[in-house]
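Spelled out, the chains give:
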Protein chains: 2
Amino acid sequence: MGGDTIKVVHTIRDMQSHSRRLRQDGQRIGFVPTMGYLHEGHLALMRLAQAHADAVVVSIFVNPTQFGPNEDFAAYPRDLDRDCRLAEKEGVAVVFTPEAEAFYPPNYQTYINLEALPRHLCGVSRPGHFSGVATVVAKLFHCVTPHAAVFGQKDYQQLAVIRQMVADLNMDIEIIGAPTVREPDGLAMSSRNAYLQPEQRPAALSLHRSLIQAKQAVAAGTRNVSTLITAARVEILAHPQTEVDYIEICNPVTLDSLETVTGPALMALAVKVGQTRLIDNMLLTD
Amino acid sequence: MGGDTIKVVHTIRDMQSHSRRLRQDGQRIGFVPTMGYLHEGHLALMRLAQAHADAVVVSIFVNPTQFGPNEDFAAYPRDLDRDCRLAEKEGVAVVFTPEAEAFYPPNYQTYINLEALPRHLCGVSRPGHFSGVATVVAKLFHCVTPHAAVFGQKDYQQLAVIRQMVADLNMDIEIIGAPTVREPDGLAMSSRNAYLQPEQRPAALSLHRSLIQAKQAVAAGTRNVSTLITAARVEILAHPQTEVDYIEICNPVTLDSLETVTGPALMALAVKVGQTRLIDNMLLTD
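What you see is a predicted model, and the numbers here were worked out from it, not measured in a lab. Counting from 1, residues in each chain are numbered in the order their sequence is written. Ligands are numbered from 1 and chains lettered from A, in the order in which they are written. The predicted nature of this model means local features are confined to residues of pLDDT at least 70 and side-chain atom pairs, given and counted, to a pLDDT of 80 or more, with totals for whole chains, interfaces and linings taken over all residues.

**Thoughts on the overall build of chain A**
- Secondary structure elements are defined from DSSP: runs of H or I of at least 4 residues count as helices, runs of E of at least 2 residues count as strands, and each element is numbered from the N terminus. Summing up its helical and strand segments, chain A has 9 helices and 10 strands in all.
- In terms of overall dimensions, chain A has a C-alpha envelope of 55 × 40 × 40 Å along the principal axes.
- With C-beta atoms placed from the backbone, the exposure class of a residue follows from how many other C-beta atoms lie within 10 Å of its own: 20 or more, buried; 12 or fewer, exposed; in between, partly exposed. Out of the 286 residues belonging to chain A, those deemed buried represent 42%.
- Any pair of residues counts as being in contact when their C-beta atoms, constructed from backbone geometry, are within 7 Å of one another. Within chain A, counting contacts between residues at least 6 apart in sequence, those at least 24 apart form 70% of the total.

Next up, the structure:
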């Protein structure tokens, strides 16, 4: 293979020896873990990783342990060939696609659990989800041994969990949060947007609109959290096929709920539009 | 400091940069995690680490999260100066002694849990112990980044937990088990032996004697596990001040209890002699 051709690595051993060589050559490794079906948001993560590293590794792994029994693991969209072409165009050095059977062999039994952060937001309706996320990210980190890893701020709670795990477990890895990339109409990019029917688009856009309106309300002097949340709920439920999982305003570090916006505040929400669960978030203060 | 002088490292950052330099120099790092109060058993671990590495790091950290509320964390014997002298004499390159406050800062919340192995042996009477062990060892691994790490077979279940964690989390570290070092009279070396009064010695020796007798019984054809366990219990309880926590014969890999010795079998026991809890184990088959 030529120097420009992307390398696709399937086994843990091969990934570890490739990373060992990169490190021995003095290369700084940037890492972008994904579940594939890459979109513009992922490409932005890769560009940010390029800016922080000499060689970028992208993992593509639809991780079974972060899906609940009634969630969309089997249906989650997959297209490895297209993903590799997109990553190659971005100058990614390695795509790492481990097999689920190798990652979770018989007698697998080790999980990383956080005590506080998963009790909030998505963790409430997705029990075990963040244990699955923390565990698979730690496994991927031990395969890729990155100097820096990039995660999107769209999955804000995931980013908070990873930052906390990396600090708590003394992992020598710089965690970089990347701004949410949006469609021209404001919809946060997500592989799950592929599920949306055209007639569901206005409902999907109500997530971003309600965040913008809350931010404007705070700028105009509204401080009461329940006032802000009620306004968002009204905006979202005005659309058909919407079901609110949660709308929360919380401390951006601990994710503890706030009653009044007096300092840094994150608004985060999860809404089902038809069968598609969408999430979005925004800092209400600058 | 001269090249022969041992380096004592107190902070996580310093340990990580020291290990990074060792790796950049192409040195293979061997690691021996300890809780200090070093004895001949630890020194044997260090010698084994030397044989597998260019530079040996020994950590000395009495880890609070692996002690239960009624256990001997505060009383656990400590002597850092003596420990450093002993390690230096063995040619150890670095002693790493992190502060508990740095290892478990406020808001610390990440724990590594294994689902099956801790349900056996010491895990039954020490809930949370192996979560504390797995977590602190992962933290130490991320500080020291060893190529190989050595653990004593005396803490057999600990060794099994670490092997499983390393495999499950894809840690690129060779785990080496070291044979138990014994006093001339057969007592397995342990820092906790310092608690024993001279008149408790015969009772303490009954652990090893009962293991030897079980192994001889198996060699002579005894296969029934409850027969073997009863004989050991009688041997131990013949001594004053003894209280059996458990005596088990189990599969050496899964630690599942056996009813009959038909293949590989580990006998493991935990006995309180006065206030001192002692453990020991032996493979009954070769």
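From this point, the discussion proceeds with the structure in view.
**Here we look at the relation of the copies chain A and chain B**
- By a simple turn and slide, chain A fits onto chain B: the slide is 0.0 Å along the axis, the RMSD is 0.0 Å, and the turn is 180°. Taken together, these values place the two copies in the relation of a two-fold axis. Among all residues of chain A, the minimum C-alpha distance to the rotation axis is found for Ile112 of chain A, at 2.3 Å.
- Of the interface residues in chain A, 96% have counterparts in chain B that sit at the interface too, so the contact is made through matching surfaces. The least-squares superposition of copies is restricted to C-alpha atoms, and to residues with a pLDDT of at least 70 in both copies.

**Some points on the sheet that holds strand S7 (residues 174-178) of chain A**
Residues and elements named next belong to chain A.
- The rule for pairing is simple: two strands pair if DSSP sees at least two bridges between them. Within the open sheet, the 6 strands sit side by side as S1-S4-S3-S2-S6-S7. Their pairing is parallel. A single partner strand is all that each edge strand has here, and the edge strands are strand S1 (7-9) and S7. Within this sheet the neighbouring strands show an average axis-to-axis angle of 25°, counted without direction.
- One ladder, built from 3 bridges, connects strand S3 (residues 55-60) with strand S4 (residues 94-96); its direction is parallel. Every axis corresponds to a line fitted to the C-alpha atoms, with the helix fit spanning only the stretch in contact, and the corresponding angles, defined between N-to-C directions, vary from 0 to 180 degrees.

**Structural notes on helix H9 (residues 225-237) of chain B**
All names here are of chain B.
- Expected helix span is computed as 1.5 Å times (number of residues minus one). For H9, which comprises 13 residues, the first-to-last C-alpha distance of 18 Å matches the rise-based estimate of 18 Å (1.5 Å per residue) to within 8%.
- For H9, the set of buried residues is Val225, Leu228, Ala232 and Ile236. Projection of H9 onto a plane perpendicular to its axis shows the buried side chains occupying an angular sector of 70°, all on one side. More than 90 degrees from the buried face of H9, the exposed residues found are Ser226, Thr227, Thr230 and Val234.
- Residues of H9 that are buried sit in contact with helix H8 (201-219), strand S8 (242-250) and strand S9 (266-273). This arc describes the spread of directions from the helix axis toward the C-beta atoms.

**Observations concerning the interface of chain A and chain B**
- Listed by partner, the interface residues are 23 residues for chain A and 22 residues for chain B.
- Elements with a contribution of two residues or more to the side of chain A that touches chain B: helix H1 (12-24), strand S5 (110-114), helix H6 (129-144) and helix H7 (156-168) of chain A.
- Element by element, the count of residues in the side of chain A that touches chain B is highest for S5 of chain A, at 5 residues.
- All amino acids are sorted into three groups, where Ala, Val, Leu, Ile, Met, Phe, Trp, Tyr, Cys and Pro are nonpolar, Asp, Glu, Lys and Arg are charged, and the leftover types, Gly among them, are polar. Within the side of chain A that touches chain B, the residues separate by chemical class into 12 nonpolar, 7 polar and 4 charged.
- Where S5 of chain A lies against strand S5 (residues 110-114) of chain B, 5 bridges are found, and the strand directions are antiparallel. Looking across to S5 of chain B, one finds that Thr110 of chain A is bridged to Leu114 of chain B.

**Re the domain arrangement of chain A**
All names here are of chain A.
- Partitioning chain A into structural domains gives domain 1 (7-178) and domain 2 (191-283).
- Note that the domain bounds were set by an automatic or database domain assignment. Once you take the C-alpha centre of each, domain 1 and domain 2 turn out to be 26 Å apart.
- On the side of domain 2, 13 residues touch domain 1, which itself brings 14 residues to the contact.
- Mapped by element, the contributors of at least two residues to the side of domain 1 that touches domain 2 are helix H5 (122-125) and H7.
- By residue class, the composition of the side of domain 1 that touches domain 2 is 9 nonpolar, 4 polar and 1 charged.

**Considering the sheet that holds strand S2 (residues 29-34) of chain B**
Residue and element names in this part refer to chain B.
- Overall, parallel pairing links the 6 strands, which are arranged S1-S4-S3-S2-S6-S7 in an open sheet. One side of each edge strand has no neighbouring strand; the edge strands of this open sheet are strand S1 (7-9) and strand S7 (174-178). When strand polarity is set aside, the average angle formed by the axes of neighbouring strands in this sheet is 25°.
- Sheet topology places S1 next to strand S4 (residues 94-96); 3 bridges connect them, and they run parallel. Paired with Val9 across the strands is Phe96, a residue of S4.
- The strands that helix H2 (residues 40-51) touches are S2, strand S3 (55-60), strand S6 (148-152) and S7; relative to S2, the one it contacts most, it runs at about 165°.

**Describing unusual backbone geometry**
- Of note, the phi angle at Asn170 of chain A is positive, near 60°, even though the residue is not glycine.
- Secondary-structure assignment places Asn170 of chain A in the loop between H7 and S7.

**Structural notes on the nonpolar core**
- As used here, a nonpolar core is made of buried Ala, Val, Leu, Ile, Met, Phe, Trp, Tyr and Cys residues. They are joined through C-beta atoms within 7 Å. Judged by nonpolar contacts, the single largest core of 155 residues is most densely connected at Val56, Val57 and Met267 of chain A together with Val56, Val57 and Met267 of chain B.
- Those residues in contact with Val57 of chain A, other than ones at most four positions away along the chain, are Ile29, Phe31, Ala93, Val94, Phe96, Val144 and Pro146 of chain A.

**Points about helix H7 (residues 156-168) of chain B**
Residue and element names in this part refer to chain B.
- Between its first and last C-alpha, H7 extends 18 Å over 13 residues, near the 18 Å set by a 1.5 Å rise per residue.
- The element H7 is largely enclosed, with a buried count of 10 among its 13 residues.
- Regarding H7, the residues found buried are Tyr156, Gln157, Gln158, Ala160, Val161, Ile162, Gln164, Met165, Val166 and Asp168.
- Just beyond H7, the residue with positive phi is Asn170, at close to 60°.

**A word on the environment of Gln197 of chain B**
All names here are of chain B.
- By the secondary structure assignment, Gln197 is in the loop between S7 and H8.
- Gln197 sits in the partly exposed class, given 13 other C-beta atoms within 10 Å.
- Expressed as a C-alpha distance, the spacing of Gln197 and Leu43, which sit 154 residues apart in the sequence, is 24 Å.

**Quick word on the confidence of the model for chain A**
- Residue-level confidence of the predictor is what pLDDT reports, using numbers from 0 through 100. When pLDDT is averaged across chain A, the result is 96; 99% of the residues are at 70 or more.
- Taken together, the chains of this predicted complex give a pTM of 0.96 and an interface ipTM of 0.95.

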